[in-house]
Amino acid sequence: MKLKNIVKFGAVAVASVAILAACGSKSSSKETVNFATVGTTNPFSYEDKSGNLTGYDIEVAKAVFKGSDKYKVNFKKTEWSSVFDGLGSSKYQMAGNNISYDKDRAKRYLYSEPTGTTPTVLTVGKDSDIKSFDDIGGHSTQVVQGTTTAKQLEDYNKKHPDNQVKINYTEEDIPQILRSLNDGKYDFKLFDAPTVNAVIKSQNLSNLKTIDVPSDQKPFIYFVFSNDQKDLQKFVNKRLETLQKDGTLSKLAEKYLGNKDYVPTAKEMKVPSNK
(Lines give C-alpha, C1' and ligand atoms only; values in the text may rest on other atoms or scores of the structure.)
Protein backbone atom coordinates (compact mmCIF):
# COMPACT_ATOMS: atom_id res chain seq x y z
CA MET A 1 0.00 0.00 0.00
CA LYS A 2 1.34 3.43 -0.89
CA LEU A 3 2.32 5.76 1.94
CA LYS A 4 -0.25 8.36 0.80
CA ASN A 5 -3.05 5.81 1.02
CA ILE A 6 -1.86 4.56 4.39
CA VAL A 7 -1.93 8.09 5.78
CA LYS A 8 -5.40 8.67 4.31
CA PHE A 9 -6.72 5.40 5.70
CA GLY A 10 -5.28 6.19 9.11
CA ALA A 11 -6.92 9.60 9.17
CA VAL A 12 -10.32 8.11 8.29
CA ALA A 13 -9.94 5.47 10.97
CA VAL A 14 -9.04 8.04 13.62
CA ALA A 15 -11.98 10.23 12.57
CA SER A 16 -14.35 7.25 12.76
CA VAL A 17 -13.15 6.34 16.23
CA ALA A 18 -13.58 9.95 17.33
CA ILE A 19 -17.15 10.05 16.01
CA LEU A 20 -18.05 6.78 17.72
CA ALA A 21 -16.48 7.98 20.95
CA ALA A 22 -18.45 11.22 20.76
CA CYS A 23 -21.71 9.33 20.17
CA GLY A 24 -20.99 7.02 23.08
CA SER A 25 -20.11 9.93 25.30
CA LYS A 26 -23.33 11.72 24.36
CA SER A 27 -25.41 8.65 25.18
CA SER A 28 -23.66 7.86 28.45
CA SER A 29 -23.78 11.48 29.63
CA LYS A 30 -27.58 11.52 29.84
CA GLU A 31 -28.95 12.10 33.32
CA THR A 32 -31.07 9.21 34.62
CA VAL A 33 -34.43 10.29 36.00
CA ASN A 34 -35.66 7.70 38.50
CA PHE A 35 -39.44 7.95 38.19
CA ALA A 36 -41.41 6.56 41.16
CA THR A 37 -44.83 5.01 40.56
CA VAL A 38 -46.98 2.39 42.26
CA GLY A 39 -47.86 0.36 39.19
CA THR A 40 -51.23 -0.89 40.47
CA THR A 41 -53.51 2.10 39.80
CA ASN A 42 -55.22 1.40 36.49
CA PRO A 43 -55.59 3.49 34.31
CA PHE A 44 -52.72 5.72 35.49
CA SER A 45 -49.94 3.26 36.26
CA TYR A 46 -50.26 -0.51 35.95
CA GLU A 47 -48.72 -3.58 34.35
CA ASP A 48 -50.05 -4.90 31.04
CA LYS A 49 -50.44 -8.60 30.23
CA SER A 50 -46.73 -8.81 29.43
CA GLY A 51 -45.75 -7.30 32.77
CA ASN A 52 -44.70 -3.95 31.29
CA LEU A 53 -45.60 -0.69 33.01
CA THR A 54 -48.16 1.38 31.15
CA GLY A 55 -51.06 3.72 31.88
CA TYR A 56 -51.69 7.42 31.45
CA ASP A 57 -48.94 8.73 33.75
CA ILE A 58 -46.41 6.29 32.32
CA GLU A 59 -47.19 7.00 28.68
CA VAL A 60 -47.20 10.77 29.22
CA ALA A 61 -43.79 10.48 30.89
CA LYS A 62 -42.49 8.39 27.99
CA ALA A 63 -43.70 11.07 25.56
CA VAL A 64 -42.05 13.80 27.66
CA PHE A 65 -38.62 12.16 27.56
CA LYS A 66 -38.82 10.79 24.01
CA GLY A 67 -35.86 12.07 21.98
CA SER A 68 -34.29 13.96 24.87
CA ASP A 69 -30.54 14.54 24.57
CA LYS A 70 -30.21 15.34 28.27
CA TYR A 71 -32.44 12.92 30.18
CA LYS A 72 -33.46 9.26 30.15
CA VAL A 73 -36.29 7.98 32.33
CA ASN A 74 -36.09 4.89 34.52
CA PHE A 75 -39.43 3.75 35.99
CA LYS A 76 -39.31 2.41 39.57
CA LYS A 77 -42.24 0.58 41.15
CA THR A 78 -42.70 1.24 44.84
CA GLU A 79 -45.35 1.40 47.55
CA TRP A 80 -47.43 4.58 47.68
CA SER A 81 -46.12 5.29 51.17
CA SER A 82 -42.55 5.28 49.83
CA VAL A 83 -43.06 7.65 46.88
CA PHE A 84 -42.64 10.95 48.73
CA ASP A 85 -40.03 9.66 51.18
CA GLY A 86 -38.03 8.60 48.13
CA LEU A 87 -38.38 12.04 46.56
CA GLY A 88 -37.34 13.68 49.82
CA SER A 89 -34.17 11.59 50.01
CA SER A 90 -33.47 12.07 46.26
CA LYS A 91 -33.76 8.32 45.70
CA TYR A 92 -36.27 9.36 43.05
CA GLN A 93 -36.11 12.56 41.04
CA MET A 94 -39.69 12.44 39.79
CA ALA A 95 -42.99 10.69 40.47
CA GLY A 96 -46.32 10.18 38.76
CA ASN A 97 -49.26 8.14 40.02
CA ASN A 98 -52.55 10.03 39.80
CA ILE A 99 -51.00 12.68 42.10
CA SER A 100 -53.17 15.65 42.97
CA TYR A 101 -52.15 19.00 44.43
CA ASP A 102 -51.61 19.29 48.16
CA LYS A 103 -50.48 22.50 49.84
CA ASP A 104 -48.26 20.73 52.38
CA ARG A 105 -46.60 18.64 49.65
CA ALA A 106 -45.98 21.77 47.60
CA LYS A 107 -43.81 23.13 50.44
CA ARG A 108 -41.49 20.12 50.18
CA TYR A 109 -41.62 19.10 46.52
CA LEU A 110 -41.85 20.70 43.09
CA TYR A 111 -44.96 20.29 40.96
CA SER A 112 -45.21 20.13 37.19
CA GLU A 113 -47.88 21.81 35.15
CA PRO A 114 -51.04 19.65 35.10
CA THR A 115 -50.99 16.51 32.98
CA GLY A 116 -54.69 15.68 33.17
CA THR A 117 -57.95 16.26 35.01
CA THR A 118 -59.79 13.64 37.05
CA PRO A 119 -63.37 14.49 38.05
CA THR A 120 -64.39 13.02 41.40
CA VAL A 121 -67.27 10.59 41.77
CA LEU A 122 -69.01 8.87 44.65
CA THR A 123 -69.17 5.12 44.14
CA VAL A 124 -72.01 3.38 45.97
CA GLY A 125 -74.07 0.24 45.79
CA LYS A 126 -76.95 0.36 43.33
CA ASP A 127 -79.47 0.16 46.18
CA SER A 128 -77.71 2.76 48.35
CA ASP A 129 -79.60 5.57 50.06
CA ILE A 130 -76.66 7.88 49.28
CA LYS A 131 -77.78 10.19 46.48
CA SER A 132 -75.15 12.94 46.72
CA PHE A 133 -72.05 14.02 48.63
CA ASP A 134 -74.33 15.63 51.23
CA ASP A 135 -75.59 12.18 52.22
CA ILE A 136 -72.28 10.53 53.24
CA GLY A 137 -72.53 11.42 56.96
CA GLY A 138 -73.06 8.35 59.12
CA HIS A 139 -71.86 6.01 56.36
CA SER A 140 -68.64 4.01 56.16
CA THR A 141 -65.75 4.05 53.72
CA GLN A 142 -62.14 2.95 53.29
CA VAL A 143 -59.25 5.31 52.60
CA VAL A 144 -55.48 5.16 52.45
CA GLN A 145 -53.94 7.43 55.06
CA GLY A 146 -52.17 10.51 53.73
CA THR A 147 -54.12 10.68 50.46
CA THR A 148 -56.16 13.64 49.23
CA THR A 149 -59.36 11.64 49.74
CA ALA A 150 -58.45 10.91 53.36
CA LYS A 151 -57.86 14.61 54.05
CA GLN A 152 -61.10 15.56 52.33
CA LEU A 153 -63.08 13.18 54.52
CA GLU A 154 -61.19 14.17 57.67
CA ASP A 155 -62.08 17.81 56.92
CA TYR A 156 -65.70 16.73 56.38
CA ASN A 157 -65.77 15.15 59.85
CA LYS A 158 -64.40 18.32 61.45
CA LYS A 159 -67.25 20.27 59.90
CA HIS A 160 -69.86 17.63 60.81
CA PRO A 161 -68.95 16.46 64.34
CA ASP A 162 -72.48 15.17 64.99
CA ASN A 163 -72.76 13.16 61.77
CA GLN A 164 -69.29 11.97 60.83
CA VAL A 165 -68.18 9.55 58.16
CA LYS A 166 -66.92 6.25 59.56
CA ILE A 167 -63.40 6.24 58.12
CA ASN A 168 -61.57 2.91 57.93
CA TYR A 169 -57.88 3.36 57.11
CA THR A 170 -56.37 0.69 54.92
CA GLU A 171 -53.30 -0.20 52.86
CA GLU A 172 -55.44 -1.95 50.23
CA ASP A 173 -55.37 -0.66 46.66
CA ILE A 174 -58.41 0.76 44.87
CA PRO A 175 -59.48 -2.53 43.17
CA GLN A 176 -59.56 -4.24 46.58
CA ILE A 177 -61.44 -1.33 48.13
CA LEU A 178 -64.04 -1.35 45.35
CA ARG A 179 -64.47 -5.12 45.61
CA SER A 180 -65.21 -4.71 49.32
CA LEU A 181 -67.70 -1.99 48.47
CA ASN A 182 -69.27 -4.23 45.81
CA ASP A 183 -69.63 -6.97 48.46
CA GLY A 184 -71.48 -4.58 50.79
CA LYS A 185 -68.76 -4.31 53.46
CA TYR A 186 -68.71 -0.50 53.22
CA ASP A 187 -71.11 2.18 52.04
CA PHE A 188 -69.24 4.42 49.60
CA LYS A 189 -65.92 5.34 48.05
CA LEU A 190 -64.86 8.83 47.00
CA PHE A 191 -62.36 8.68 44.15
CA ASP A 192 -61.63 9.86 40.62
CA ALA A 193 -63.87 8.84 37.73
CA PRO A 194 -61.22 7.39 35.36
CA THR A 195 -59.90 4.96 37.97
CA VAL A 196 -63.29 3.91 39.27
CA ASN A 197 -64.71 3.35 35.79
CA ALA A 198 -61.67 1.32 34.75
CA VAL A 199 -61.85 -0.92 37.83
CA ILE A 200 -65.62 -1.45 37.65
CA LYS A 201 -65.28 -2.49 34.03
CA SER A 202 -62.23 -4.75 34.42
CA GLN A 203 -63.46 -6.39 37.64
CA ASN A 204 -67.11 -6.63 36.52
CA LEU A 205 -68.37 -5.02 39.74
CA SER A 206 -72.01 -5.06 38.74
CA ASN A 207 -73.39 -3.95 42.11
CA LEU A 208 -71.82 -0.50 41.91
CA LYS A 209 -72.83 2.83 40.39
CA THR A 210 -71.23 6.28 40.37
CA ILE A 211 -72.56 9.71 41.28
CA ASP A 212 -70.91 12.90 39.99
CA VAL A 213 -69.54 15.23 42.67
CA PRO A 214 -69.83 18.92 41.67
CA SER A 215 -66.68 20.97 42.17
CA ASP A 216 -65.81 24.65 41.86
CA GLN A 217 -62.34 23.73 40.65
CA LYS A 218 -61.02 21.17 38.18
CA PRO A 219 -59.20 18.36 39.99
CA PHE A 220 -55.89 18.18 38.13
CA ILE A 221 -53.14 15.59 38.41
CA TYR A 222 -49.43 16.34 38.17
CA PHE A 223 -45.91 14.99 38.11
CA VAL A 224 -43.91 15.76 41.26
CA PHE A 225 -40.14 16.33 41.60
CA SER A 226 -37.64 16.34 44.42
CA ASN A 227 -36.87 19.88 45.55
CA ASP A 228 -33.47 20.01 43.85
CA GLN A 229 -34.79 19.28 40.35
CA LYS A 230 -35.71 22.74 39.06
CA ASP A 231 -33.97 22.17 35.71
CA LEU A 232 -35.85 18.89 35.26
CA GLN A 233 -39.10 20.63 36.22
CA LYS A 234 -38.53 23.28 33.52
CA PHE A 235 -37.73 20.66 30.89
CA VAL A 236 -40.83 18.60 31.71
CA ASN A 237 -43.12 21.63 31.75
CA LYS A 238 -41.92 22.78 28.35
CA ARG A 239 -42.51 19.31 26.92
CA LEU A 240 -45.97 19.08 28.53
CA GLU A 241 -46.98 22.35 26.88
CA THR A 242 -45.91 20.93 23.51
CA LEU A 243 -47.80 17.67 24.12
CA GLN A 244 -50.92 19.61 25.09
CA LYS A 245 -50.69 21.79 22.00
CA ASP A 246 -50.06 18.99 19.49
CA GLY A 247 -52.90 16.82 20.84
CA THR A 248 -50.76 14.04 22.34
CA LEU A 249 -52.27 14.49 25.80
CA SER A 250 -55.79 14.27 24.38
CA LYS A 251 -54.96 11.08 22.48
CA LEU A 252 -53.48 9.46 25.57
CA ALA A 253 -56.40 10.62 27.74
CA GLU A 254 -58.89 9.11 25.32
CA LYS A 255 -56.98 5.81 25.26
CA TYR A 256 -56.25 5.45 28.97
CA LEU A 257 -58.75 7.67 30.81
CA GLY A 258 -61.70 7.09 28.50
CA ASN A 259 -62.24 10.74 27.62
CA LYS A 260 -60.10 12.99 25.41
CA ASP A 261 -61.34 16.03 27.34
CA TYR A 262 -59.69 14.90 30.58
CA VAL A 263 -56.75 17.23 29.85
CA PRO A 264 -55.97 20.83 30.81
CA THR A 265 -56.54 23.66 28.36
CA ALA A 266 -53.62 25.80 27.18
CA LYS A 267 -54.58 28.49 29.72
CA GLU A 268 -54.57 25.93 32.52
CA MET A 269 -50.98 24.82 31.82
CA LYS A 270 -49.31 26.38 34.84
CA VAL A 271 -47.60 25.18 38.00
CA PRO A 272 -50.00 25.33 40.98
CA SER A 273 -49.29 28.01 43.57
CA ASN A 274 -48.42 26.88 47.09
CA LYS A 275 -49.81 30.05 48.65
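Before reading further, recall that the structure is shown in the block above.
Since this is a predicted model, take the numbers as computed values, not measurements.

Asks: Now, about the packing of aromatic side chains: what can you tell me, with residues and values included?
Replies: For the structure on display, the rule yields 10 aromatic pairs. Taking the centre distance of 5.1 Å and the plane angle of 70° together, the rings of F35 and F75 count as edge-to-face. Taken together, the positions of F35 in strand 1 (residues 31–37) and F75 in strand 5 (residues 71–77) put the pair 40 residues apart, joining distant regions of the chain. On the basis of relative accessible area, F35 is assigned to the buried category, the value being 0%. Members of the aromatic cluster, each reached through a chain of ring pairs, are F35, F75 and F223.

Asks: Lay out the side chain of T141 with the relevant residues and their values.
Replies: Along the chain, the position of T141 falls in strand 10 (residues 140–143). Filtering out sequence-adjacent residues up to four positions away, T141 remains in contact with L153, V165, K166, I167, N168, Y186, F188 and K189.

Asks: Could you give an account of the environment of K76, naming the residues involved and the relevant values?
Replies: If you trace the backbone, K76 turns up in strand 5. With a relative accessible area of 35%, K76 lands in the partly exposed category. The spatial distance from the C-alpha of K76 to the C-alpha of N34 is 6.5 Å, given a sequence separation of 42 residues. With residues near it in sequence (within four places) discarded, K76 still touches N34, F35, A36, T37 and Y92.

Asks: So what's going on with the environment of F84? Which residues, and what values?
Replies: Topologically, F84 is positioned in helix 3 (residues 80–88). What makes F84 buried here is its relative accessible area of 11%. Expressed as a C-alpha distance, the spacing of F84 and F225, which sit 141 residues apart in the sequence, is 9.3 Å. Setting aside chain neighbours within four positions, we find F84 in contact with I99, R105, Y109 and V224.

Asks: Account for the nonpolar core, naming residues and giving values.
Replies: Counting residues in hydrophobic clusters, the biggest one holds 40 residues, and the most contacted among them are Y56, M94, F223 and V236. The leading source of residues in this core is helix 2 (residues 56–65), at 7 residues. In this view, M94 contacts V33, N34, F35, A36, F65, L87, F223, V224, F225, L232 and V236; residues no more than four positions away in its chain are not counted.

Asks: I'd like to hear about the side chain of N97, residue by residue, with values.
Replies: Secondary-structure assignment places N97 in strand 6 (residues 94–99). Reaching out from N97, the side chain makes a polar contact with the backbone nitrogen of V38 at a distance of 2.7 Å. Here the side chain of N97 touches T41 through a polar contact of 3.1 Å, side chain to side chain. Not counting residues up to four positions away in its chain, the partners in contact with N97 are T37, V38, G39, T41, S45, D57 and W80.

Asks: I'd like a description of the sheet that holds strand 12 (residues 188–192), backed by residues and values.
Replies: Spatially, 12-9-13 is the arrangement adopted by the 3 strands of the open sheet, whose pairing is antiparallel. The open sheet has two free edges, formed respectively by strand 12 and strand 13 (208–212), since each of these has just one partner strand. Adjacent strand axes in the sheet meet at a mean angle of 30°, parallel and antiparallel pairs treated alike. Relative to strand 13, strand 9 (residues 120–125) runs antiparallel, the two sharing 5 bridges. Residue pairing in the sheet places T123 in a bridge with T210 of strand 13. Along the sheet, helix 6 (residues 174–182) contacts strand 9, strand 12 and strand 13; its crossing angle with strand 12, the most-contacted strand, is approximately 145°.

The rules behind each value
- The numbers attached to residues start from 1 for each chain and follow its sequence in the written order.
- pLDDT decides what is reported in this predicted model: residues at 70 or higher carry local features, side-chain atom pairs at 80 or more are listed and counted, and totals for whole chains, interfaces and linings draw on all residues regardless.
- To get the side-chain values, all heavy atoms of the structure are used, and hydrogens and water are removed first.
- Each aromatic pair joins two rings of Phe, Tyr and Trp (for Trp, the six-membered one) with centres within 6.5 Å, and gets the label stacked for planes under 30 degrees apart, edge-to-face for over 60, and tilted for any other angle.
- Numbered from the N terminus, helices here are DSSP runs of H or I no shorter than four residues, and strands are runs of E no shorter than two.
- Throughout this description, buried means an accessible area under 20% of the type-specific maximum (1.4 Å probe, protein chains only), exposed means over 50%, and partly exposed covers the range between.
- Contact definition: two residues touch when any of their heavy atoms are within 4.5 Å.
- Here the nonpolar core consists of buried residues drawn from Ala, Val, Leu, Ile, Met, Phe, Trp, Tyr and Cys, with membership extended through side-chain atoms lying within 4.5 Å.
- Polar contacts, as counted here, are pairs of nitrogen or oxygen atoms within 3.5 Å of one another; within protein the pair requires one atom able to donate a hydrogen and one able to accept it, and residues that are adjacent in sequence qualify only if both atoms are side-chain atoms.
- Strands qualify as paired when DSSP identifies two bridges or more between them.
- Axis definition: a line fitted to C-alpha atoms, over the contacting stretch in the case of helices. Angles run 0 to 180 degrees between N-to-C directions.

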